[in-house]
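Okay, here's what each chain looks like letter by letter:
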Amino acid sequence: MVQRVLSGIVLTVFMIAVIVFDKIFPLALNIAVAVISVMAVHELAAALGLQNKWFLCLPSLAAAAIVPFCNEQFQFLTYCVYTLIIFSALIVCHRETTFKEVAVLYSMVVIIPCALHTLVSLRELNLSHGMFYVLIAVLAAWVADVGAYFAGTLFGRHKLCPEISPKKTVEGLVGGTVVDMVVMLLCGVWFSAVFYQGQVGVNYIALLLIGLFGSLISVLGDLSFSIIKRSCHIKDFGQVIPGHGGVLDRFDSVIFTAPFVYLLVMFLPLAGV
């Protein structure tokens with residue numbers, strides 16, 4: 001547990017550093033998203049046993065690295081080129097690989113970088129307070145996970161999905177949701193009352209919705225990648241983050257939660273101008 005807490009603190013500090021230095025070095029967020037995307041795709045390729053098939057891995061890692069820096073038009077172009085390369089590789093190396101391997105890897109290279117890219121898109125939604133949006137999107141996933149972990153440890157009695165994730169409980173889900181909603185509101189209070197001394201308004205209804213549904217969606221992401229791990233017969237995607245596993249183990253819920261937050265705040269902005 002100590003390793004898990006310390007690693008969580010380091011990750012949080014890293015995200016705060018990216019947010020704090022955004023004005024000075026805006027590309028820091030893009031670089032962080034690109035690094036996370038590349039590491040996540042690499043971990044997935046390793047889980048599928050494809051790490052030695054360079055004709056699949058290299059184009060996949062390249063696409064994962066490029067997408068976080070692209071606008072919509074270039075993102076579409078990137079995936080068009082990637083599609084041509086990856087299926088050409090399948091045709092040329094059809095004796096060494098299968099369509100199933102290509103299909104799984106291809107779908108994840110589309111899903112992971114695109115979903116994480118919404119963190120960059122969130123920043124662009126509000127030029128003044130976009131990084132607050134990014135912080136909320138990441139915390140909505142991580143706080144739900146931490147709240148569910150401690151609530152499940154203390155009060156867990158009823159299994160949520162024992163065949164997929166034996167340690168998850170209904171009590172943990174409820175506890176994680178409640179904690180997430182409370183923390184989202186506290187973030188709003190800190191942002192408005194403390195950071196801006198009440199000069200900037202915050203949409204607390206939107207924060208409540210993010211805490212409620214963001215928590216549920218984060219569990220969906222966690223369980224989805226748990227199924228992938230079970231199908232690959234592995235416990236974790238890696239050991240990069242002590243106490244948490246791989247990068248994908250830590251960001252699986254963010255991959256699902258960030259797009260939801262992006263869609264919500266498009267209609268319900270979190271902060272005033």
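Definitions and cut-offs
Residues numbered from 1 in each chain as written. Predicted model: local features only at pLDDT ≥ 70, side-chain atom pairs only at ≥ 80, totals over all residues. Heavy atoms only, no water. Helix = DSSP H or I, 4+ residues; strand = E, 2+ residues; numbered from the N terminus. Buried < 20%, exposed > 50% of the residue type's maximum accessible area, 1.4 Å probe, protein only. Contact = heavy atoms within 4.5 Å. Lys, Arg positive; Asp, Glu negative; His and termini not counted. Charge placed at Lys NZ, Arg CZ, Asp CG, Glu CD. pLDDT = per-residue confidence, 0-100. Pairing = 2+ DSSP bridges. Phe/Tyr/Trp six-rings, centres within 6.5 Å; stacked < 30°, edge-to-face > 60°. Salt bridge = Lys/Arg side-chain N within 4 Å of Asp/Glu carboxyl O. Core = buried A, V, L, I, M, F, W, Y, C linked by side-chain atoms within 4.5 Å. Axes fitted to C-alpha atoms, helices over the stretch in contact; angles between N-to-C directions. Parallel < 35°, antiparallel > 145°, perpendicular 65-115°, else oblique. Nonpolar A, V, L, I, M, F, W, Y, C, P; charged D, E, K, R; others polar. Polar contact = N/O pair within 3.5 Å; in protein donor to acceptor, adjacent residues only side chain to side chain.

> In this structure, what is going on with the overall build of the protein? I would like to understand it.
On a plain count of helices and strands, the protein comes out with 9 helices and 2 strands. When the elements of the protein are put in sequence order from the N terminus, they spell out α-α-α-α-α-α-β-β-α-α-α. Taken along its principal axes, the extent of the C-alpha atoms in the protein is 65 × 45 × 30 Å. In the protein, which comprises 273 residues, the share counted as buried stands at 48%. Counting only contacts in the protein whose residues sit at least 6 apart along the sequence, the fraction spanning at least 24 positions is 71%. Distance between charge centres in the protein, computed from 14 positive and 14 negative side chains, equals 6 Å.

> I tried to follow the confidence of the model for the protein on my own but got confused; where do I start?
Keep in mind that low pLDDT regions are not for reading the predicted coordinates in detail. Mean pLDDT over the protein stands at 87; residues scoring 70 or higher make up 90%. Within the protein, helix α3 (residues 54-66) carries the highest mean pLDDT (94), whereas helix α1 (residues 2-20) carries the lowest (62).

> Please explain the pairing of strand β2 (residues 165-169) as it appears in this structure.
Here is the key point about a regular strand: its side chains alternate between the two faces of the sheet. Note: strand β1 (residues 159-161) against β2, 2 bridges, orientation antiparallel. Directly across from K159, in β2, lies its bridge partner T169.

> What is the right way to read the packing of aromatic side chains from this model?
Here a ring pair, both rings aromatic, is described through the centre-centre distance and the interplanar angle of the planes. Throughout the structure, instances matching the rule amount to 8 aromatic pairs. Consider the rings of W54 and F55, whose centres lie 6.0 Å apart with planes at 80 degrees: the pair is edge-to-face. With a relative accessible area of 8%, F55 lands in the buried category. Relative to F150, the ring of Y149 lies with its centre 5.3 Å away and its plane at 85 degrees, an arrangement referred to as edge-to-face. For Y149, a relative accessible area of 29% gives the class partly exposed. Residue classification places F150 among the partly exposed positions, given a relative accessible area of 35%. These aromatic residues form a ring-pair network of at least three members: Y82, F87 and Y106.

> Teacher, can you tell me more about the pattern of salt bridges here?
Close approach of charged atoms lets side chains of opposite charge pair. Applying the stated criterion to the full structure yields 5 salt bridges. Between E101 and K53 there is a salt bridge whose closest N-O contact spans 3.0 Å. Of this pair, E101 sits in helix α5 (residues 99-125) while K53 sits in the loop between α2 (27-47) and α3, and the two are 48 residues apart along the sequence. We classify E101 as partly exposed; its relative accessible area is 22%. With relative accessibility at 16%, the residue K53 sits in the buried group. When the shortest N-O distance is used, the salt bridge between R123 and E124 registers 3.0 Å.

> Where do I start with the nonpolar core in this structure?
Across soluble globular proteins, you tend to see nonpolar side chains buried next to one another. Residues L119, L122, I136, I210, L248, V254 and L270 are the most contacted members of the largest nonpolar core, which totals 55 residues. If you list the elements that add at least two residues to this core, you get α1, α2, α5, α6 (130-155), α7 (170-195), α8 (204-231) and α9 (247-267). Of the residues forming this core, the biggest block, 13 residues, is contributed by α6. With near-sequence residues (within four places) excluded, L122 lies in contact with G130, Y133, V134, A137, A258, V261, Y262 and V265. Membership of the second largest hydrophobic core comes to 18 residues, among which are A45, L56, Y79 and L90.

> Hey, could you run me through the packing of α3 against helix α4 (residues 72-92) in this one?
In helix packing, the relevant descriptors are the interaxial angle and the interaxial distance, both defined with respect to the helix axes. One can describe the packing of α3 onto α4 by two numbers: an axis separation of 9 Å at closest approach and a directional angle of 175 degrees. With respect to their mutual orientation, α3 and α4 come out roughly antiparallel. Here F55, L56, P59, S60, A63 and I66 of α3 come into contact with α4, specifically with T78, Y82, I85, I86 and A89. Its residues assigned to classes, the contact of α3 with α4 shows 9 nonpolar, 2 polar and no charged.

> Please clarify how the environment of S231 should be interpreted in this entry.
Inspection of the secondary structure puts S231 in helix α8. In the structure, S231 is positioned 183 residues away from L48 in sequence and 9.2 Å away in space, judged by C-alpha atoms. Polar side-chain contacts of S231 include one of 2.7 Å to the backbone oxygen of I228.

> Whenever I open this one, the side chain of N126 confuses me. Can you help?
Position of N126 among the secondary structure elements: in the loop between α5 and α6. The buried category is assigned to N126, whose relative accessible area is 11%. A polar side-chain atom of N126 sits 2.8 Å from the main-chain amide nitrogen of H129.

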